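Architecture and fold: a report
For reference, the chains in residue letters:
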Amino acid sequence: MTLRDVQFIFLGTGTSSGVPVIGCSCDTCTSDDPRDRRLRCGAAIRFIDPEGLPRTIFIDIPPDHREQSLRHELDRCDGIFVTHAHVDHVYGLDEVRRYNSLMREPIGVHAEPEVTEALHRIFQHIYARQDNRNDSFVADLFDVALHPGAAVVLHGLRVTPVRLLHGRLPILGFRLDAVDSAGVPLSEQPDPLPLAWCTDVSSVPPESWELLAGLKTLILDMLRERAHPTHMTCDESISVAERLQAEQTFFIHMSHDFTHRQLLERMPPGMAPGWDDLILGEGTNSDL
Ligand SMILES: [Zn+2]
Ligand SMILES: [Zn+2]
Ligand SMILES: [Zn+2]
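Read on for a plain summary of the structure. Keep in mind that this is a model prediction, so the values were computed, not measured.

Listed as protein donors to the zinc ion (ligand 2) are Cys24 (SG), Cys26 (SG), Cys29 (SG) and His256 (ND1); their distances from the metal cover 2.1 to 2.3 Å. Written as a sequence motif, the donor residues of the zinc ion (ligand 2) are C-x1-C-x2-C-x226-H. Given a relative accessible area of 24%, Cys24 falls into the partly exposed group. For Cys29, a relative accessible area of 8% gives the class buried.

Okay, here's the thing in structure tokens:
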């Protein structure tokens, strides 16, 4: 048996400020189009595992996680994969305590060792619970170390960490493939796999291109029009997507520089800006 009924959910597609930006009256921030409201960047993959059990795995836990979870009625967490420890990607970690109560199990936080260290520093009340004055309701987490190129298999899903550069900061993207019981990728992957989530990237280092080959779905950072030291511009993202040639590409981590409609007009075939609550997979709402 293999995993089935995959749903990949875009929980948030906005840059670190979110869109609308506080106190901004630009066209994007005042737009009526719900696709111009972008929560901070994160994703969930839901599926039925090879034993027939429902599973939900998160990529990043942004500060908007609670709202995102409620919208999609998420009620479990079978693992978290962290791209990097910036505020907009991890400051919702407190919220996963609710999945601990529902599941009565600890949750694995998969991250590079430096990211794990940062999480222990930021969330001392979780990781050094014994030091809390009162025993409070905190998350129950355990660490799993990730290394670029070293895949992890969870419940029939193989997650491969892919090295990306976020300015000078090395971070991770994640490639997802369905695998058989021996851990070998299925020749027929369920839609929308194989998929890669590559947020907060300014360049793809040489060793990573191969890990991103042959994708059905690429999801890639696209901050804004003007150059930025730690993110790709619209033109840069399109050119990386053209080189990778995924069947479909969606862009994420967008600022208020452009509305959804403006971006859509300039997209080559097979590419589109992502939006919050977009779900890819069997019988879902993607219309690319
Ligand atoms: Zn970010
Ligand atoms: Zn604005
Ligand atoms: Zn970042």
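Turning our attention to unusual backbone geometry. In this structure, the amide linkage connecting Val19 to the following residue, Pro20, adopts the cis form with an omega of 0 degrees. Note on placement: Pro20 falls in the loop between strand S1 (4-12) and strand S2 (42-48). The omega torsion of the bond from Asp191 to Pro192 falls at 5 degrees, within 30 degrees of zero and hence cis. With respect to the secondary-structure elements, Pro192 resides in the loop between strand S9 (169-178) and strand S10 (195-198). Phi at Asp200 takes a positive value of approximately 50 degrees, unusual for a residue other than glycine. Assessed through its relative accessible area of 1%, Asp200 is described here as buried.

To continue, consider the pattern of salt bridges. The tally for this structure, following the rule as stated, stands at 15 salt bridges. A salt bridge links Arg71 to Glu67; the shortest N-O distance between them is 3.2 Å. Taken together, the residues Arg71 and Glu67, both in helix H1 (residues 65-71) and 4 residues apart, mark about one turn of the helix. Measuring nitrogen to oxygen at the nearest pair gives 3.8 Å for the salt bridge that ties Asp177 to Arg158. With Asp177 in strand S9 and Arg158 in strand S8 (residues 157-166), this pair connects stretches of sequence that are 19 residues apart. Asp177 gets classed as buried once you look at its relative accessible area, which sits at 2%. Residue classification places Arg158 among the partly exposed residues on the basis of a relative accessible area of 22%. Through salt bridges with shared partners, a single network forms among Asp49, Arg55, Arg76 and Asp78.

As summarised here, the arrangement of the 7 strands in space is S6-S5-S4-S3-S2-S1-S14, forming an open sheet in which the pairing is mixed. The open sheet has two free edges, formed respectively by strand S6 (141-145) and strand S14 (279-281), since each of these has just one partner strand. Summarising the sheet, S2 and strand S3 (residues 54-59) pair through 6 bridges and their orientation is antiparallel. Paired with Arg46 across the bridge in S3 is Thr56.

So, on to the coordination of the zinc ion (ligand 1). Coordination angles at a metal have ideal targets, namely 109.5 degrees for four tetrahedral donors and 90 or 180 degrees for six octahedral donors. The coordination sphere of the zinc ion (ligand 1) contains the protein donors Asp88 (OD), His89 (NE2), Asp200 (OD) and His253 (NE2), at a distance range of 2.1 to 2.3 Å. One can describe the site at the zinc ion (ligand 1) as irregular: its 4 donor atoms subtend angles covering 92 to 161 degrees at the metal. For the zinc ion (ligand 1), all donor residues lie on one chain, and their spacing in sequence is D-H-x110-D-x52-H. In this model, the zinc ion (ligand 1) sits 3.5 Å from the zinc ion (ligand 3), the two metals being bridged by Asp200. With His89 in helix H2 (residues 87-90) and His253 in the loop between strand S12 (248-252) and helix H7 (260-265), this residue pair connects regions lying 164 residues apart in the sequence. Judged by relative accessible area, which is 0%, His89 ranks as buried. Owing to a relative accessible area of 1%, His253 belongs among the buried residues under this scheme.

Pairing within the open sheet is mixed, and its 7 strands lie in the order S7-S8-S9-S10-S11-S12-S13. If you trace the sheet from one side to the other, it starts and ends with strand S7 (152-154) and strand S13 (271-273), each paired once. When the angles between neighbouring strand axes are averaged without regard to direction, this sheet yields 25 degrees. Sheet topology note: the S12/S13 ladder contains 3 bridges and is parallel. By the bridge assignment for S13, Phe251 is matched with Pro273. Contacting strand S11 (217-221), S12 and S13, helix H6 (residues 234-244) runs over the sheet at an angle of about 155 degrees to S11.

Counting 31 residues, the largest nonpolar core has Phe8, Phe10, Ile45, Leu157 and Trp197 as its most contacted members. Among the secondary structure elements, those contributing two or more residues to this core are S1, S2, S3, S7, S8, S9, S10 and S12. No other element matches the 4 residues that S9 contributes to this core. Not counting the four nearest positions on each side in its chain, Phe10 is found in contact with Gly42, Trp197, Ile219, Phe250, Ile252, Gly274, Trp275, Asp276, Asp277, Leu278 and Leu280.

Here is what the cut-offs are and how they apply
- Residues numbered from 1 in each chain as written.
- Chains lettered and ligands numbered in written order.
- Predicted model: local features only at pLDDT ≥ 70, side-chain atom pairs only at ≥ 80, totals over all residues.
- Heavy atoms only, no water.
- Donors = N, O, S within 2.8 Å, 3.2 Å for Na, K, Ca; no water.
- Buried < 20%, exposed > 50% of the residue type's maximum accessible area, 1.4 Å probe, protein only.
- Helix = DSSP H or I, 4+ residues; strand = E, 2+ residues; numbered from the N terminus.
- Salt bridge = Lys/Arg side-chain N within 4 Å of Asp/Glu carboxyl O.
- Pairing = 2+ DSSP bridges.
- Tetrahedral: all angles 85-135°; square planar, octahedral: opposite > 155°, others 65-115°.
- Axes fitted to C-alpha atoms, helices over the stretch in contact; angles between N-to-C directions.
- Contact = heavy atoms within 4.5 Å.
- Core = buried A, V, L, I, M, F, W, Y, C linked by side-chain atoms within 4.5 Å.

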